[in-house]
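Each chain is listed here by its residues.
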Amino acid sequence: MKELNSKIPAGPLSEKWTNYKAHQNLVNPANKRKLDIIVIGTGLAGASAAASFGEMGFNVKVFCIQDSPRRAHSIAAQGGINAAKNYPNDGDSVYRLFYDTIKGGDYRAREANVYRLAELSNNIIDQCVAQGVPFAREYGGLLANRSFGGAQVSRTFYARGQTGQQLLLGAYGALSKEIERGTVKMYARREMMDVVLVDGRARGVIMRNLVTGELERYAAHAVVIASGGYGRVFFLSTNAMSSNGSAEWQAYKKGAMMANPCFTQIHPTCIPVHGDYQSKLTLMSESLRNDGRIWVPKNEKVAERLRKGEIKAKDVAEEERDYYLERRYPAFGNLVPRDVASRAAKERCDAGFGVNNTGLAVYLDFKEAIGRLGQKVVEEKYGNLFEMYERIVDDNPYETPMMIYPAVHYTMGGLWVDYELQTTIPGLFAAGEANFSDHGANRLGASALMQGLSDGYFILPYTMQNYLSDQIGVPRFNPDAPEFMEAEKQIREKINRLMAINGKQTVDSIHRRLGLIMWNKVGMARNEQGLKQAIEEIKALRKEFWQDVKVPATSGGMNNELEKALRVADFLEMGELMARDALMRNESCGGHFREEFQTPDGEAMRNDAEYSFVAAYEYQGPDAEPVLYKEELKFENVEVKQRNYK
Amino acid sequence: MANNGLSSITKKLIMAVTGGALVFFLLFHASMNIVAIIKPEGYNKICEFLGANWYALIATAGLAALMVFHLIYAFVLSFQNYRARGKQRYAVVEKQEGVSWASKNMLVIGAIVLLGLGLHLFNFWANMQLPEVLHKLGIHVEEDVMALVADGSHYIVNTFSCTAYSIIYLVWLAFLWFHLAHGVASVMQSIGWNNHVWQNRIEVIGKIIAALIVVLFASVVIYYWLIG
Amino acid sequence: MLNLKLKIWRQKNNIDKGRFVEYNVDNIPEEASFLEMLDILNERLVLQGEDPVTFDHDCREGICGACGLYINGHPHGKYKNTTTCQLHMRKFKNGETITIEPWRSEAFPIIKDLMVDRSALDRLIQSGGYVSVRTGGVPDANSIAVNKHDADLSMDAASCIGCGACVATCKNGSAMLFVSAKFSQLALLPQGQVETYERVQKMVARMDELGFGNCSNTYACMAECPKGISVTNIARMNRQFLAAKIAEPLKK
């Protein structure tokens, strides 16, 4: 049995990172040139890490799945990025950002990591401004801030509704600078197929060139996985089409542990599903909840008439409307955290009050805001979002209320990493959404960008040096070594096996079925019976997949269906682990809601005595149950309380 | 890529500067022509003034140089643009909103303008400045030709009393309008005198200048066509 | 439900000559997006054992810039400020023939079917589309004040998604709108001004080297840009290029 060592430095919370940096080992410039690092993914975490490594003098190879590093899905983040700058002078501090993040995560995150994140948040803003990220400004020329859910201060920096795009383009610029200097070599349209271990350490990867279809072997002294989350297990999510969890999953199968896999964030304000051909869901920024009021009809019959299209939302009289968030949570109203808002919407729809022809939607109404502020102000604040909604739904939100429904958005779980962001495989690091480290059971808005960039710009450059300091004598690895050839052979066999099935079902149709199982049984509300069923159903579906999937052979190397099939093969295994984890965790916390564990009025009930730990799973083989390891969470700097938003 | 050592922006700048200078020449030429309506003798005075004198010859050479550079770079740029577009063309092409026909066909319009210029030089310059120059160089020129080298009014009357010529000239001027309507605004853009405030104004100013030049020229043609 | 006839460019690889293939697709829901319509076609092709149509796409919400199809003579279709993924089938008529082509430009070689290689755009950014600061050691964010109006203009330019529609629609295959948008974003901010003259010269040189055409101010790029990037950015770059060539050497 392995020991999980989180390697948290000694000393008071606020000095841990300073102490770490003061005592870590370094690599001198001449030696850095002899060391190679592979980075998988070019989102905020991957691009910033690769650029920083390059600046330091390491040889970096960076891979992305899209045609350009600038298209990683970080680009789609809308709202903003948190930092404890306290520019508005409203009482913010590093400690307060730390506290809000720990509380928002429902006390399931590691104190030391979160504190470091809060500390580094300020450096991120400085860095991005220096790079020329066009953040919103006040008339005096200084940076503007706005408020976000889960905080009482205004600490979110933003660039219109495109903050993720601008931060990513900043990191992409830094990366491009290093590519031009020759310290970083960029490989686009490549997907990671496997991590190669030599003597127990991560020493390279096998990549599939998506254009030629060839498998390629790359060796290095260390590997960083920054490939994002695995929300597309649910098929429908706000993630991009190529977002996948396969890189993490291969690492898991090679011995890295997966932590808290069941912690999934379901975002409350997305455009509802409109048909079974639908490929993905679109998020509407959380900021809409600042002025929009969420309601469903009070009367089931009215809801039914709305569903049938006999009446319209505006025909429902004011006293006939149930503003259920304001009713249930008078203190926070429509601004309760994401997990709470999502569950409340589901509760109303399950009870038969949902609208839209599917019955799976609630209204987000701006009538009151338009009356109070005037249409012009509302247009200035949310114009682009309203336009986006109208383009998709063909309905004018200034006149009729928007319809929204929760959708899978982010996975807090991921590869288990220690304080240095190293997984349980030496030399294999994980950054950004791919690791589990900072968000506990629920991520606050505007924190994902912060985490990705702090991992890449400010944490990995230090911890990577510390790891590589004793590797300076290790010569470059040969990618033709037997370990590499063996890994490549196994992937080739797997691909051949997939191609040979030649069944009757398309990859997408099976993926869609997996998504339904996940959504219904491992989604917003889970229970023991459903989870047990889900595990069995996923197993059966996996079997069906390997017997009946159809992956057409294509002329030439490019084969989109094969790419999807390889990912879905992994999702079919991942989904099972998520269900197992959800079944194991006999409590409700953050985004993980077990129906058996709720307060009489339907709120999440944590069990701190038994479940205040990180659940890390170790792979044991194709059909064997994984072994659970527990990393106890110690809270020495915050008081653990039940969250209350009433 | 064929760069001729100059960057793309420099080449475009050459187009802009030569084009811009030619616009100034056209403005001058048009205002000079209008004198032919007001007072033909006055017009002839100007013709005399602009005969084979050293300053007029330098200016003519300068004009010719502007034309040549404008032309050479038009072809260089168009050739590069053609290559950059690639061998495969779109099967379906639809007009982009707000994109003028002239802007996409400047080379062709320019070529038509050039043909008209050839005719114009044949009608006027070949009878006026050219014989004077030849004469000064000691080459024999017929006396009746020499007698008329400064009589611009004669050639105006002569040319535009012919309906065919008038129509050809008016068509030529129409093409010139298209060329200038895009060209003038384009000069401003290429040398960088454009911003979000001035963008529409520049477009309008360009069209006004183009219209002014063309109207001045055309009025002389129409006036002599009608009285001829 | 719509019944449509699709004329799609099929090309096996970069060497293949390529040709249009016609497909009749029936029962397309009007709420489906354009790319979902292609998904439906592809799912049917796969079941028939045919090679599905390859096209680039990723975020499907109009921000990543991956998608880009030439639809009925327009990049991203004919609607303003819309990327291909944001185009919905309700904008088409029952029985309509839709011609779908890849971006066509010498700088964007076709990889397969409707997928092209736009790495030239990355190479343009690599030539200088960034502020050359290293990680760490930067001043406090609020030590640099930026005029709000300039910051807004900078953000307008920075909204470019790098889809390449400007190059695709330009009759000259010019990348001036793309380059000038990145240049302007940085030129409008004090952080970017330090190296603005070097940047403009490097980026223009790389643009020429990569075989993009020359801008002839038709402004088709702006008309078709899904993010409405303005050609005044091009004027700014022309101006600064001139300044770099003339004014800067004089200062030294």
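As a starting point, this report considers the structure included with it. (Residues numbered from 1 in each chain as written. Chains lettered and ligands numbered in written order. Predicted model: local features only at pLDDT ≥ 70, side-chain atom pairs only at ≥ 80, totals over all residues. Heavy atoms only, no water.)

### Observations concerning the overall build of chain C
Quick note on the threshold: Numbering of helices and strands runs from the N terminus; a helix is a DSSP stretch of H or I covering at least four residues, while a strand is a stretch of E covering at least two. Only protein chains enter the accessibility calculation, which uses a 1.4 Å probe; a residue whose area is less than 20% of its type maximum is buried, one above 50% is exposed, and one in between is partly exposed. Residues are treated as being in contact if the distance between any of their heavy atoms lies within 4.5 Å. Methods summary: accessible areas were calculated by the Shrake-Rupley approach with a probe of 1.4 Å, and residue burial reflects only the protein chains presented. When charges are tallied, Lys and Arg are placed among the positive residues and Asp and Glu among the negative ones, while His and the ends of the chain are skipped. We put the charge of a Lys on NZ, of an Arg on CZ, of an Asp on CG and of a Glu on CD.
When you go through chain C residue by residue, the secondary structure sums to nine helices and seven strands. Projected onto its principal axes, the C-alpha positions of chain C cover 70 × 40 × 35 Å. The buried share among the 252 residues of chain C stands at 68%. For chain C, the proportion of contacts with a sequence separation of at least 24, taken over those separated by at least 6, is 69%. Carbon and sulfur atoms make up 49% of the accessible area of chain C, which amounts to about 8,200 Å² in all. Here chain C contributes 30 positive and 29 negative side-chain charges, whose respective centroids are spaced 5 Å apart.

### Focus: the overall build of chain B
Of regular secondary structure, chain B possesses 10 helices and zero strands. In chain B, the order of α-helices and β-strands from amino to carboxyl end is α-α-α-α-α-α-α-α-α-α. Along the longest, intermediate and shortest principal axes, the C-alpha atoms of chain B span 60 × 40 × 35 Å. Going through the 228 residues of chain B one by one, you find that 40% of them count as buried.

### What about the state of the cysteines?
Residues and elements named next belong to chain C. Note the following rule: The criterion for a disulfide is a pair of cysteine sulfur atoms lying within 2.5 Å.
Scanning all chains against the criterion turns up zero disulfides over all chains. This cysteine, C163, is not joined by any disulfide, and C225 carries the nearest cysteine sulfur, 6.5 Å off. The buried category is assigned to C163, whose relative accessible area is 6%.

### A short note on the interface of chain B and chain C
As a reminder of what qualifies: Accessible area that two parts lose when put together, with a 1.4 Å probe and added across both, is what the buried area reports. In what follows, salt bridge is the name for a side-chain nitrogen of Lys or Arg lying within 4 Å of a carboxyl oxygen of Asp or Glu. Here a polar contact is recorded for every N or O atom pair within 3.5 Å, except that within protein the pair must consist of a potential hydrogen donor and a potential acceptor, and residues adjacent in sequence are included only if both atoms are side-chain atoms.
At the interface, 40 residues of chain B touch 52 residues of chain C. Between chain B and chain C lies a buried interface of about 3,800 Å² when both sides are counted; carbon and sulfur atoms form 51% of it. On the chain B side of the interface with chain C, the three residues burying the most area are I9, Y90 and Q189 of chain B, jointly 18% of the side's total. Counting the contacts that link chain B with chain C gives zero salt bridges. At the surface where chain B touches chain C, the tally comes to 23 residue pairs in polar contact (both at pLDDT 80 or more). In terms of residues, the side of chain B that touches chain C owes the most to one element, helix α3 (residues 54-85) of chain B, which gives six residues.

### Topic: unusual backbone geometry
Residues and elements named next belong to chain C. Its identity is not glycine, yet N27 carries a phi of approximately 55°, on the positive side. Inspection of the secondary structure puts N27 in strand β2 (residues 19-28). You will see that N81, though not glycine, has its phi angle at about 50°, which is positive. With respect to the helices and strands, N81 occurs in the loop between β4 (74-75) and β5 (97-101). Overall, the relative accessible area of 35% leaves N81 in the partly exposed class.

### Considering the packing of helix α8 (residues 300-308) of chain A against helix α10 (residues 338-353) of chain A
Residues and elements named next belong to chain A. Worth spelling out the cut-off: Convention adopted: a line fitted to C-alpha atoms gives each axis, helices being fitted over their contacting stretch, and angles between N-to-C directions are expressed from 0 to 180 degrees. Throughout, the term roughly parallel applies to angles under 35 degrees, roughly antiparallel to angles over 145, roughly perpendicular to angles from 65 to 115, and oblique to all others. Three classes are used, and their members are as follows: Ala, Val, Leu, Ile, Met, Phe, Trp, Tyr, Cys and Pro are nonpolar, Asp, Glu, Lys and Arg are charged, and the others, Gly among them, are polar.
The interhelical angle for the contact between α8 and α10, taken along N-to-C directions, is 90°, at an axis separation of 10 Å. In terms of axis orientation, α8 runs roughly perpendicular to α10. Within the contact between the two elements, α8 uses E300, A303 and R307 and α10 uses A351, G352 and F353. Considering only residue class, the contact of α8 with α10 consists of three nonpolar, one polar and two charged.

### Quick word on the interface of chain C and chain A
Chain C puts 76 residues into the contact, and the matching count from chain A is 75 residues. Across the interface of chain C and chain A, roughly 6,300 Å² is buried in total on both sides, 52% from carbon and sulfur atoms. Between D156 of chain C and R160 of chain A there is a salt bridge, with the nearest N and O atoms lying 2.9 Å from each other. Counting every contact that joins chain C to chain A gives 43 residue pairs in polar contact (both at pLDDT 80 or more). For the side of chain C that touches chain A, the secondary structure elements donating two or more residues are α1 (34-47), β6 (110-112), β7 (115-116), α2 (119-126), α3 (148-158) and α5 (176-187) of chain C. Element by element, the count of residues in the side of chain C that touches chain A is highest for α3 of chain C, at seven residues.

### Concerning the sheet that holds strand β19 (residues 627-632) of chain A
Residue and element names in this part refer to chain A. Here is the rule: Think of it this way: DSSP has to see at least two bridges between two strands before they count as a pair.
The strand order across the open sheet formed by four strands is β16-β10-β18-β19, and the pairing between neighbours is antiparallel. Two strands close off the open sheet at either side, each with one partner strand: β16 (414-415) and β19. Relative to strand β18 (residues 613-618), strand β10 (residues 258-259) is paired through two bridges, and the arrangement is antiparallel. Directly across from A259, in β18, lies its bridge partner A616.

### Some details on the nonpolar core
All names here are of chain A. The condition that has to hold: By nonpolar core is meant a set of buried Ala, Val, Leu, Ile, Met, Phe, Trp, Tyr and Cys residues that side-chain atoms within 4.5 Å join together.
Ranked by size, the top nonpolar core spans 217 residues in total, and within it F53, I81 and F135 carry the most contacts. If you tally residues by element for this core, the top one is helix α17 (residues 560-584), at 14 residues. The residues contacting F53, other than those within four sequence positions of it, are I37, V39, F58, V60, V224, L460, P461 and M464.

### Digging into the sheet that holds strand β2 (residues 59-63) of chain A
Residue and element names in this part refer to chain A. With parallel pairing, five strands are arranged side by side in an open sheet as β5-β2-β1-β9-β17. Looking at strand neighbours, the two that pair on one side only are β5 (184-187) and β17 (428-430), the edges of this open sheet. Sheet twist, expressed as the mean angle between neighbouring strand axes with direction ignored, is 20°.

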